[in-house]
Amino acid sequence: MLTRLARVKPFVVYEPMVPAANISPAAQVAIERYLATGRRELRARVRSYLDWLRGREGQLAPPAQAQRRFTFLRLRFNAVLSQFDLFADVITQRSEHETGVWLSGLDILAEDALTLPGGYFQPPPMICYLDRGTGAAIRRVRTRLPGGGENPVGVIRVPRERMVGSGIASSLIHEIGHQGVALLDLINSLRPILKEMQSSSGSEGVAWRLWERWISEILSDFWSVARVGIASTFGLIGVVSLPRVFVFRLNLDDPHPIPWIRVKLSCAIGQALYPHPQWARLAGLWEAFYPLGGLDEERQRLIAALQSTMSGFVTILVHHRPQTLHGKSLIEAMDVGQRQPAQLAAYWRSWRISPKQMRKAPPALVFAVIGQARLDRQITPEEESRLLAGLLTYWALSKSLHTFGIQAKGRPDSLKDPIWNSDLTI
């Protein structure tokens, strides 16, 4: 066991990847420190067991007792290896051609989407990886890992099929929302309000009970809409556009809202944050895709109750003032001014004239602008994919140059390589 443990080396000594694909130094240090602590503790346990086994007490102990202690020690050993493999699976993807660099760019997007201008918390390091399927997921920082211990970094699983387009921001930032919501303790601050609404709403109490049940996923959707605007709702539609039976399915064990309601709610949140006729048009399009006609009466009554309470629920949501925001409401903390549809369209017109301005903009804002441009039919899917691939690569390169202290004419964003100029041509 000690021999096998000695072969578990730090990732930095054997993972092959180009520097631009590296995870952030903060994430690297946090992971290596966590795993090193686990190896050190396990090594001490093994040696303690060997000392006991060689000592008088161990020599006199029955074989069953020695076997029992060894069995628990081996379980702990396997847990340490499982934790190592968890991070190894994530980091190994960084050696894939192009994909590794894009993932590094997504790390930067994730950290930017988590950061709020008020500095209400210290954003933890985040790392991304790709996997099959259409849904994303997050293992939040400081949550329990298999075998025990707290996760040192946020790990986000991103659907491979969403690479590369603005829809990836919808999935990724929804998961980032789970981390932000936890750091601000929003669920615990909202639940008492929603419980009060249940008792004071009469026949609509069932709708408020569902809003409370779904609040975790709703808050994450809110975070996504607040950070990337209509790109979030478009991305959500791409995920939940399923056969009709699933779109209207109510599963009380599922923390997600009914898909049909979830899209309508995303549009309502967008309208509250960024008033514009586009949200009503998108909601109408969704209703045309999945009309309510043909549903059983019970389901129609439930959806009617949810729709009748939706406006009030969204008002509570956007104007909620938790203690963690120091007196500000959610809409104020999210700083939605520069993401209004007209402002996003203005950014796009400016960037068409000078594409290099995109490099200086926060990554989440860039995805919001490009998502709005898609809605306005100012960019094709092919152009969008090429542009975002170039930006992800650029952000990863800039991070790498900054990390290693390399400067090109004073700033990383002044690179004159024709590759970057070509990739960012609109």
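Residues numbered from 1 in each chain as written. Predicted model: local features only at pLDDT ≥ 70, side-chain atom pairs only at ≥ 80, totals over all residues. Heavy atoms only, no water.

Section: the pattern of salt bridges
Move 1: Counted under the stated rule, the structure contains 12 salt bridges.
Move 2: Here Glu287 and Lys264 are joined by a salt bridge, their closest N and O atoms 2.6 Å apart. In this pair, Glu287 sits in helix α13 (residues 277-289) while Lys264 sits in helix α12 (residues 259-273), placing the two residues 23 residues apart along the sequence.
Move 3: Put simply, Arg191, Lys195 and Glu212 are held in one network by salt bridges that share partners. (Salt bridge = Lys/Arg side-chain N within 4 Å of Asp/Glu carboxyl O. Helix = DSSP H or I, 4+ residues; strand = E, 2+ residues; numbered from the N terminus.)

Describing the nonpolar core
What tends to happen in soluble globular proteins is that the nonpolar side chains get buried as a cluster.
Move 1: Of all hydrophobic cores here, the largest spans 100 residues; its most connected members are Leu172, Trp211, Trp223 and Leu273.
Move 2: By residue number, the principal contributor to this core is helix α14 (residues 297-318), which donates 10 residues.
Move 3: In this structure, Ile31, Tyr49, Ala88 and Leu145 belong to the second largest nonpolar core, which totals 29 residues. (Core = buried A, V, L, I, M, F, W, Y, C linked by side-chain atoms within 4.5 Å. Buried < 20%, exposed > 50% of the residue type's maximum accessible area, 1.4 Å probe, protein only.)

Describing the sheet that holds strand β2 (residues 137-139)
Each strand in a sheet pairs with its neighbour through backbone hydrogen bonds, running either in the same direction (parallel) or in the opposite one (antiparallel).
Move 1: Judged by pairing direction, the sheet is mixed, and its 3 strands sit side by side in the order β1-β3-β2 without closing on themselves. Strands at the two margins of the open sheet, each flanked by one partner only, are β1 (126-131) and β2. Strand after strand, the sheet turns through a mean of 25 degrees between neighbouring axes, direction not considered.
Move 2: Note that β1 and strand β3 (residues 154-159) share 6 bridges and pair parallel. Paired with Asp131 across the strands is Pro159, a residue of β3.
Move 3: Set on the sheet, helix α4 (residues 63-92) makes contact with β1, β2 and β3; between it and β1 the angle comes to about 75 degrees. (Pairing = 2+ DSSP bridges. Axes fitted to C-alpha atoms, helices over the stretch in contact; angles between N-to-C directions. Contact = heavy atoms within 4.5 Å.)

Some thoughts on unusual backbone geometry
Move 1: Positioned with a positive phi, Arg142 is a non-glycine residue whose angle comes to about 70 degrees.
Move 2: Topologically, Arg142 is positioned in the loop between β2 and β3.
Move 3: In this model, Asp185 sits at a positive phi of 55 degrees, which is unusual for a non-glycine residue.
Move 4: By secondary structure assignment, the location of Asp185 is in the loop between α6 (167-184) and α7 (186-200).

A look at the environment of Arg45
Move 1: As for its position among the elements, Arg45 is in helix α2 (residues 25-54).
Move 2: The exposure class assigned to Arg45 is partly exposed, which follows from its relative accessible area of 46%.
Move 3: When the C-alpha positions of Arg45 and Val369 are compared, they lie 54 Å apart, and in sequence the two are 324 residues distant.
Move 4: Not counting residues within four places of it along the chain, the set of residues in contact with Arg45 comprises Leu73 and Arg76.

What to know about the packing of helix α10 (residues 230-240) against helix α18 (residues 363-375)
Geometrically, a packed helix pair is captured by the angle between its two axes and the distance between the axes.
Move 1: Interhelical geometry of α10 versus α18 gives an angle of 65 degrees and a closest axis separation of 8 Å. Here α10 is positioned roughly perpendicular relative to α18, judged by the angle of their axes. Counted together, Ile230, Ala231 and Phe234 of α10 and Phe367, Gly371, Gln372 and Leu375 of α18 form the full contact between these two elements.
Move 2: Looking at the contact of α10 with α18 residue by residue, the classes come out as 5 nonpolar, 2 polar and no charged. (Parallel < 35°, antiparallel > 145°, perpendicular 65-115°, else oblique. Nonpolar A, V, L, I, M, F, W, Y, C, P; charged D, E, K, R; others polar.)

Regarding the side chain of Arg162
Move 1: In this structure, Arg162 sits in the loop between β3 and α6.
Move 2: Within the structure, the side chain of Arg162 is placed 2.9 Å from the backbone oxygen of Gly167, a separation counted as a polar contact.
Move 3: Contacts of Arg162, omitting those with residues within four sequence positions, involve Gly167, Ile168, Ser170, Ser171, Gly235, Gly238 and Val239. (Polar contact = N/O pair within 3.5 Å; in protein donor to acceptor, adjacent residues only side chain to side chain.)

Describing the packing of aromatic side chains
Move 1: One pass over the full model with this rule turns up 9 aromatic pairs.
Move 2: Look at Trp211 and Phe313: their rings are 4.7 Å apart centre to centre, the planes differ by 5 degrees, and that puts the pair in the stacked class. Of the two residues, Trp211 is situated in helix α8 (residues 205-213) and Phe313 in helix α14; the sequence distance between them amounts to 102 residues. Of the two residues, Trp211 and Phe313, neither departs from the other in class, the shared state being buried.
Move 3: Over the aromatic face of Trp52 sits the side chain of Arg69, whose NZ or CZ is 4.2 Å from the ring centroid. (Phe/Tyr/Trp six-rings, centres within 6.5 Å; stacked < 30°, edge-to-face > 60°. Lys NZ or Arg CZ within 6 Å of the ring centre and 35° of its normal.)

Describing the environment of Phe121
Move 1: Structurally, Phe121 is set in the loop between α5 (99-114) and β1.
Move 2: In sequence terms Phe121 and Gly133 are 12 residues apart; their C-alpha atoms lie 32 Å from each other.
Move 3: Not counting the four nearest positions on each side in its chain, Phe121 is found in contact with Leu114, Leu116, Leu183, Leu184 and Trp223.

Here's the deal with α10
Move 1: Buried residues dominate α10, accounting for 8 of its 11 residues.
Move 2: On its buried face, α10 sits against α6, α9 (215-228), α11 (244-247), α12, α13 and α18.

Observations concerning the pairing of β3
Move 1: Most of β3 is tucked away, with 5 of its 6 residues classed as buried.
Move 2: Judged from the 3 bridges that link them, β2 and β3 form a sheet pairing that is antiparallel. Counted as the bridge partner of Arg139 is Val155 from β3.

Details of the confidence of the model for the chain
Move 1: Looking at the chain, the pLDDT average stands at 88 and 93% of residues meet or exceed 70.
Move 2: Note on residues 406-423: pLDDT is under 50 here. Beyond four places in sequence and across chains, it has 29 contacts. (pLDDT = per-residue confidence, 0-100.)

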